Amino acid sequence: MLEALLPRDEAVRLEALREYAILDTLPEQAYDDITYLASQMCDTPIAVVSLVDEDRQWFKSRRGLDVSETPRDIAFCAHAILNPGALFIVEDAAKDSRFLDNPLVTGNPQIRFYAGAPLVTSEGHALGALCVIDRQPRQLSTAQQDTLRALSRQVIAQLELRRTAARLQINADELEESHKALEWRNEQLHRSRDELMELVRLLEGQADVIERDLHRAEIIQRSLLPQEMPALADFNVRTLYRPGRTIGGDLYDVVDIADRYLALVVADASGHGVSAAMLSVLFKHHMHLQDQATGIPYRPGWALARINESLLANPPAPGVFVTAIYCLLDTQERRLVIGSAGHTPLLCLRADGTVEEIGHTGPALGLEEAAMFDERELVLEDGDRVLLYTDGLLDICETPPTVESIGATLHKLGADPEALEHLLREVTQGRMRQDCDDVTLVLLNASPGESGFNESVEALELTASPAAKQPEISYAETPQAMLLIVEGRVTWLYGQILFETAMAVINEKRDVVIDLSGCEHLDSTLLGTLHELTLQALEVGCSCVVQNVSPHLEANFEELSMTVVLEHMSAESIELPAQRTHLDLSATHLDRQQNRLLKAHEVLAELSDENREQFGSLVETLRSEAGTKEGSA
């Protein structure tokens, strides 16, 4: 016995079936007449109108059959609905490998012959089948097949009549309270409009705050970078760090462990500015690479799981996350063990020029409890190279470089000590986007040579491309939900207004739909914002769904294992209204973050003497801006 496959549109098909409200209803003469005609015209003892539900087939009308339903996994009709455009005919079930051991064949009703005409709605959904059954093998003539198809269309006509009558009754009931409902709706619309106008006023005039935020972030970010390269014999490491104009959350480290192992870590915190920099600090604080008692290094999968637990136990803010890759190299066995938490793929360039790509082995950090992280292993031969990088490399220019182009460029550059600088110049062709993210590159070479950090690539001059067209965020009320339309390339600068606008609706326990049909790009801050909005909506008892998601954006959600957002992608889209209200995206509001930033910096300053020296002046500046005294935050 084989289980029937599911139709591709199964979820939508089931929803369509339930819209007819036909399941488990009493017998009706109209349907019984149809099964009678089907039985007579096809000369079979059994005829049924079968509707295929999630785990059963239920018979609205049955002739020559005693049971009212059977399990779906043994139902012939579950096979019939797989091809809505054709009859499904089994001339001898006892000789058909799909059904020869089916209990409906080996036991009652002893099915040998089956012919089913799918019940197909005007939208193309097969709800079930009108089928005729015999206890002996046989065939249907062309005229009988045409009759079965015609009668199946009559079943659909009866179902449509039933649904139309039900809708008319509902509309009649609704008309009795239409005046009161209309007044309530108008009041709700006025309240939403007033709240959104107030939000727009609050979001104006914050450019100077953003500038100070970026200055603080650069101070923090620079302090996290390694200062001393370990001494290596048979390997060498080159790095490149180029901060973006908006300062992201990139972090890397190169650590010698027990004079045998080399740990390579690259991480990217969601967001930009101080928020992303502080998240990088938390990551580094919780990043433990070796057992302090024995000096033995932790395996990458285990270390990432522990960091994930720590970030979830002490989240800096809802919806934030870190992607990270941790590679542990045994320099004696030349074995590289890799663990990746939602990070961009690692590239292994073999000495012969072939490129291997290794994707993430688990979700991004800070999103899922009890997340597990697999590991991959590589054995490095002489001349092999391994490149770790952040997604800023793919975002720095208008046309992202391919794996093949990166590999070919590195292979061409060979042992050039400035290979990473040349790589960045070549993949960008000397041009970068104005709002590009940080770029971090770590290149491990399986050959002797000089190692070195490059944390200042000011000599690498890249011409800024013309500014992209400013994105647009607009909203409109629909009967189903508040619709937010996001268009263009949307970066962290606009995350706050999107979040606040959606939350104003969610806090009223109203549904929100975010349309991304015109969205070209969302950076990590916006991806995290959608994650947080979805969780907030679930918490208050409404829904926040996204619709019209491009394959590229959906791949971003999948890469970061954002299952909550993936589960709330709408299969059916609300039509975009012509009349919309556009939000003012001239600035963002950061006042509410001041106290949180102050507390975060005070905690950071207490972690070590070095941090106290590094961040002391920054903490004092924040206290002064917040109008507080030491210890009050």
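First, a word on what this report is: a plain description of the structure on this page. Since this is a predicted model, take the numbers as computed values, not measurements. (Residues numbered from 1 in each chain as written. Predicted model: local features only at pLDDT ≥ 70, side-chain atom pairs only at ≥ 80, totals over all residues. Heavy atoms only, no water.)

Describing the packing of helix α11 (residues 403-413) against helix α12 (residues 419-428)
Phase 1 of the analysis: Running from N to C, α11 and α12 cross one another at 140 degrees; their axes reach a closest spacing of 10 Å. Taken as axis vectors, α11 and α12 run oblique relative to one another. The two elements α11 and α12 meet at a crossing, and its hand is right-handed. Seen from α11, the contacting residues are Ile406, Thr409, Leu410, Lys412 and Leu413; seen from α12, they are Ala419, His422, Leu423 and Glu426.
Phase 2 of the analysis: Per-class residue counts for the contact of α11 with α12 are 5 nonpolar, 2 polar and 2 charged. (Axes fitted to C-alpha atoms, helices over the stretch in contact; angles between N-to-C directions. Helix = DSSP H or I, 4+ residues; strand = E, 2+ residues; numbered from the N terminus. Parallel < 35°, antiparallel > 145°, perpendicular 65-115°, else oblique. Left-handed = near helix turned anticlockwise from the far one by under 90°. Contact = heavy atoms within 4.5 Å. Nonpolar A, V, L, I, M, F, W, Y, C, P; charged D, E, K, R; others polar.)

Side note on the packing of aromatic side chains
Phase 1 of the analysis: Scanning all chains against the criterion turns up 5 aromatic pairs.
Phase 2 of the analysis: What links up through ring pairs into an aromatic cluster is the set Phe76, Phe88, Phe99 and Tyr114.
Phase 3 of the analysis: Here the guanidinium or amino end of Arg138 rests over the ring plane of Phe113, the centre of that ring lying 5.5 Å away.
Phase 4 of the analysis: For the cation-ring pair, Arg163 lies above Tyr20, with the distance from its terminal atom to the ring centre recorded as 4.3 Å. (Phe/Tyr/Trp six-rings, centres within 6.5 Å; stacked < 30°, edge-to-face > 60°. Lys NZ or Arg CZ within 6 Å of the ring centre and 35° of its normal.)

Quick word on a nonpolar patch on the surface
Phase 1 of the analysis: Among the surface-exposed residues, Tyr36, Leu37 and Met41 lie close enough to one another that they form a single nonpolar patch of about 280 Å² accessible area.
Phase 2 of the analysis: Looking at the secondary structure, you find Leu37 in helix α2 (residues 29-42).
Phase 3 of the analysis: What makes Leu37 partly exposed here is its relative accessible area of 41%. (Patch = residues over 30% accessible without salt bridge, like charges linked within 9 Å, V, L, I, M, F, W, Y side chains within 5 Å. Areas by Shrake-Rupley, 256 points an atom, 1.4 Å probe, with all protein chains shown as cover. Salt bridge = Lys/Arg side-chain N within 4 Å of Asp/Glu carboxyl O. Buried < 20%, exposed > 50% of the residue type's maximum accessible area, 1.4 Å probe, protein only.)

Quick notes on the environment of Val322
Phase 1 of the analysis: For Val322, the location among the structural elements is in strand β10 (residues 322-330).
Phase 2 of the analysis: Given a relative accessible area of 1%, Val322 falls into the buried group.
Phase 3 of the analysis: In sequence terms Val322 and Ser524 are 202 residues apart; their C-alpha atoms lie 9.5 Å from each other.

Focus: the packing of helix α13 (residues 495-506) against helix α14 (residues 524-540)
To characterise two packed helices, one gives the angle between the axes of the helices and the distance between these axes.
Phase 1 of the analysis: Interhelical geometry of α13 versus α14 gives an angle of 10 degrees and a closest axis separation of 10 Å. Considered as vectors, α13 and α14 are oriented roughly parallel to each other. Of the residues in α14, those touching α13 at Gly495, Leu498, Phe499, Ala502, Met503 and Ile506 are Leu526, Thr529, Leu530, Glu532, Leu533, Gln536, Ala537 and Val540.
Phase 2 of the analysis: Across the contact of α13 with α14, the residue classes break down as 10 nonpolar, 3 polar and 1 charged.

Quick look at the sheet that holds strand β21 (residues 512-522)
Phase 1 of the analysis: Reading across the sheet, the 5 strands line up as β22-β21-β20-β19-β23 and stay open at both edges, with mixed pairing between neighbours. The sheet is open, and its two edges are formed by β22 (544-547) and β23 (581-582), each paired on a single side. (Pairing = 2+ DSSP bridges.)

With respect to α13
Phase 1 of the analysis: For α13, spanning 12 residues, the distance from its first C-alpha to its last is 16 Å, which sits close to the expected 16 Å at 1.5 Å a residue.
Phase 2 of the analysis: Taking burial as the measure, the 12 residues of α13 include 11 buried ones, the bulk of the element. (Expected span 1.5 Å × (residues − 1).)

A few points about the pattern of salt bridges
Phase 1 of the analysis: This model, assessed by the stated rule, comprises 27 salt bridges.
Phase 2 of the analysis: Its salt-bridge partner being Arg163, residue Glu19 comes within 3.1 Å of it at the nearest N-O pair. Of the two residues, Glu19 is situated in helix α1 (residues 10-19) and Arg163 in helix α5 (residues 142-175); the sequence distance between them amounts to 144 residues.
Phase 3 of the analysis: Classification of Arg163 by relative accessible area gives buried; the value is 10%.
Phase 4 of the analysis: Put simply, Arg162 and Glu28 hold a salt bridge, and the shortest N to O gap is 2.9 Å.

Details of the state of the cysteines
Phase 1 of the analysis: Taken as a whole and judged by the stated rule, the model has 0 disulfides.
Phase 2 of the analysis: Cys544 provides the cysteine sulfur closest to Cys542, a residue in no disulfide bond, and the two sulfurs are 7.9 Å apart. (Disulfide = S-S within 2.5 Å.)

Comments concerning unusual backbone geometry
Phase 1 of the analysis: Here the amide bond leading from Asn108 into Pro109 is cis, since omega sits at 5 degrees, within 30 degrees of zero.
Phase 2 of the analysis: Summarising the element assignment, Pro109 is placed in the loop between α4 (103-106) and β5 (113-120).
Phase 3 of the analysis: With phi around 55 degrees, Ala258 is a residue other than glycine that occupies positive phi space.
Phase 4 of the analysis: Checked against the element boundaries, Ala258 lands in the loop between β8 (249-257) and β9 (261-269).
Phase 5 of the analysis: A positive phi angle is found at Asn548, which is not glycine, with a value near 55 degrees.
Phase 6 of the analysis: Tracing the chain through its elements places Asn548 in the loop between β22 and α15 (551-559).

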